[in-house]
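Each chain, letter by letter, is given below.
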Amino acid sequence: MAHNQDMLKKREDWKDKVRIIGLSIDQEQEKLKAHVASKGWTDVEHYWSRNGVSTADKDYGVTGVPHCLLVDTNGVIVFV
């Protein structure tokens, strides 16, 4: 079984067909940056939802971590 950090690295056979997006619910942005750097998650688009503007965590029902969902090319959530 792959470790979570391995799952956040794009595989060669599908790397151009997907976007991996990380939505952080950390209270501090610096904590997020340090965690991402320590894991080497360069293939992931990272967004910080505790910026005072974003409602993405509430919109997607994120209440804890890990929280994973699959969104199709039309923006429809097809798996939670």
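Look above for the structure.
All of these numbers come straight from a predicted model, not from anything done at the bench. (Residues numbered from 1 in each chain as written. Predicted model: local features only at pLDDT ≥ 70, side-chain atom pairs only at ≥ 80, totals over all residues. Heavy atoms only, no water.)

Student: Explain the side chain of Asp57 residue by residue, including any values.
Tutor: By the secondary structure assignment, Asp57 is in helix 3 (residues 56–59). A relative accessible area of 3% means that Asp57 is categorised as buried. With residues up to four places along the chain from it excluded, the contact list for Asp57 reads Leu23, Ile25, Ser49, Arg50 and Val62. (Helix = DSSP H or I, 4+ residues; strand = E, 2+ residues; numbered from the N terminus. Buried < 20%, exposed > 50% of the residue type's maximum accessible area, 1.4 Å probe, protein only. Contact = heavy atoms within 4.5 Å.)

Student: Explain a nonpolar patch on the surface to me, and be specific about the residues and the numbers.
Tutor: Side chains of Tyr60, Val71, Ile77 and Val80 sit close together on the surface and give an oily, nonpolar patch of about 350 Å² of accessible area. Positionally, Val80 belongs in the segment after strand 4 (77–79). (Patch = residues over 30% accessible without salt bridge, like charges linked within 9 Å, V, L, I, M, F, W, Y side chains within 5 Å. Areas by Shrake-Rupley, 256 points an atom, 1.4 Å probe, with all protein chains shown as cover. Salt bridge = Lys/Arg side-chain N within 4 Å of Asp/Glu carboxyl O.)

Student: Residue-level account of the pattern of salt bridges, with values.
Tutor: Close approach of charged atoms lets side chains of opposite charge pair. On inspection of all chains with the given rule, the structure shows three salt bridges. Glu30 is the partner of Lys33 in a salt bridge, and the nearest nitrogen-oxygen pair spans 3.7 Å. One end of the pair, Lys33, and the other, Glu30, are both in helix 2 (residues 29–39), three residues apart, so they sit about a helical turn from each other. Judged by its relative accessible area of 46%, Lys33 is partly exposed.

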